[in-house]
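Okay, here's what each chain looks like letter by letter:
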Amino acid sequence: MRLAKYLADSGISSRRQAEKLIAQGKVKVNGQTIYELAFTLNPGDRVEYEGKIVESADRVYLLLNKPRGYICTLFDPQGRPRVIDLLNGINTRVFPVGRLDFDTEGLLLLSNDGEFSNLMTHPRYLIPKKYEAWVQGLLNPDTIRKLEKGVALEDGITAPSRAKLLSSEKGQSLLELEIHEGKKRQIKRMCLAVGHRVISLKRTALAFLTLEGVARGQFRFLTSAEVEGLIMLARQSGK
Ligand code: URA
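Heads up: these notes are all about the structure in this document. (Residues numbered from 1 in each chain as written. Predicted model: local features only at pLDDT ≥ 70, side-chain atom pairs only at ≥ 80, totals over all residues. Heavy atoms only, no water.)

1. Thoughts on the overall build of the protein chain
Alright, step 1. A tally of helices and strands in the protein chain yields six helices and 15 strands.
Alright, step 2. Projected onto its principal axes, the C-alpha positions of the protein chain cover 70 × 40 × 35 Å.
Alright, step 3. Considering the protein chain as a whole, with its 239 residues, one finds that 44% of them fall into the buried category.
Alright, step 4. Considering only intrachain contacts with a sequence separation of at least 6, the fraction spanning at least 24 residues in the protein chain is 62%.
Alright, step 5. When the accessible surface of the protein chain is totalled, it reaches about 12600 Å², and 48% of it is carbon and sulfur.
Alright, step 6. When the 37 basic and 27 acidic side-chain charges of the protein chain are each reduced to a single mean position, those positions are 2 Å apart. (Helix = DSSP H or I, 4+ residues; strand = E, 2+ residues; numbered from the N terminus. Buried < 20%, exposed > 50% of the residue type's maximum accessible area, 1.4 Å probe, protein only. Contact = heavy atoms within 4.5 Å. Areas by Shrake-Rupley, 256 points an atom, 1.4 Å probe, with all protein chains shown as cover. Lys, Arg positive; Asp, Glu negative; His and termini not counted. Charge placed at Lys NZ, Arg CZ, Asp CG, Glu CD.)

Put into structure tokens, the structure is as follows:
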């Protein structure tokens, strides 16, 4: 999207006036003053007018099937691939709703709606997230029960979760875990706390959303019914 249109859509000014603001050097993109009237924005670009960030007027809600090897932060000092680099054709500045580790794959929501992001990630709202984890070693029923009851991590005991052994082969087990908290690296730390290192991790579901129909590295827009459903779920669960 052109910078002038973005400014106009965001309510800063008319489109013609926006071009004047650009020509006067009042608009920055990613910290750099832009004078080019036809400047085109890329996904993730940060637009500033007179020192203030200009948010996009349109609310955008995306479901991405994140591949391993992508970082969720918008800026990475090491220059690693970012999830927002996968959003071809999205000209609005969106950010990940919660985080998946660099080496975790699966369902990731992205949006430019801060209120929605808060509802999906704040521990006060109970949005269930389902993961499949290949772990080192064979899991016994006792360990599964421990994971379900809650395990002690350095930042507190985890809330009750659901755990299920899906399969095991060659000294490794495939575990399904459903949690509704979002502690940092929670699944890996929970598994390690009961003696099983996570080898690979995939988020397969968030509330009623799954990866169905979305190939790895691809994304789709959420429908308004899905967005409303998620918001309702969070509000109903709020303590
Ligand atoms: N738990 C983890 O350990 N890593 C993730 O990326 C998500 C949940």
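2. Notes on the nonpolar core
Alright, step 1. Judged by nonpolar contacts, the single largest core of 31 residues is most densely connected at Leu87, Leu110, Leu175 and Ile187.
Alright, step 2. Those elements giving two or more residues to this core turn out to be β5 (61-66), β7 (104-111), β8 (129-136), α4 (141-149), β12 (172-179), α5 (186-193) and β13 (198-206).
Alright, step 3. In this structure, this core is formed jointly by two domains, domain 2 (61-124 + 208-237) and domain 3 (129-206), each of which donates at least three residues.
Alright, step 4. What Leu110 contacts, discounting residues up to four positions off in sequence, is Val60, Tyr61, Leu62, Leu64, Val83, Ile84, Leu87, Val94, Phe95, Pro96 and Val97.
Alright, step 5. Membership of the second largest hydrophobic core comes to 18 residues, among which are Phe116, Leu119, Ile127 and Leu209. (Core = buried A, V, L, I, M, F, W, Y, C linked by side-chain atoms within 4.5 Å. Domains from an automatic or database assignment.)

3. What about the site of the ligand?
Alright, step 1. In the vicinity of the ligand, the contacting residues are Leu100, Asp101, Thr104, Tyr131, Arg185, Gln186, Ile187, Lys188 and Leu201.
Alright, step 2. Contacts to the ligand include Ile187, whose backbone N or O atom sits 3.1 Å from a nitrogen atom.
Alright, step 3. The separation between an oxygen atom of the ligand and a polar main-chain atom of Lys188 is 3.0 Å.
Alright, step 4. Looking at the shell around the ligand element by element, the count peaks at three residues for α5.
Alright, step 5. Of the domains in this structure, domain 2 (61-124 + 208-237) and domain 3 (129-206) are the two that each give at least three residues to the shell around the ligand. (Near = heavy atom within 4 Å. Polar contact = N/O pair within 3.5 Å; in protein donor to acceptor, adjacent residues only side chain to side chain.)

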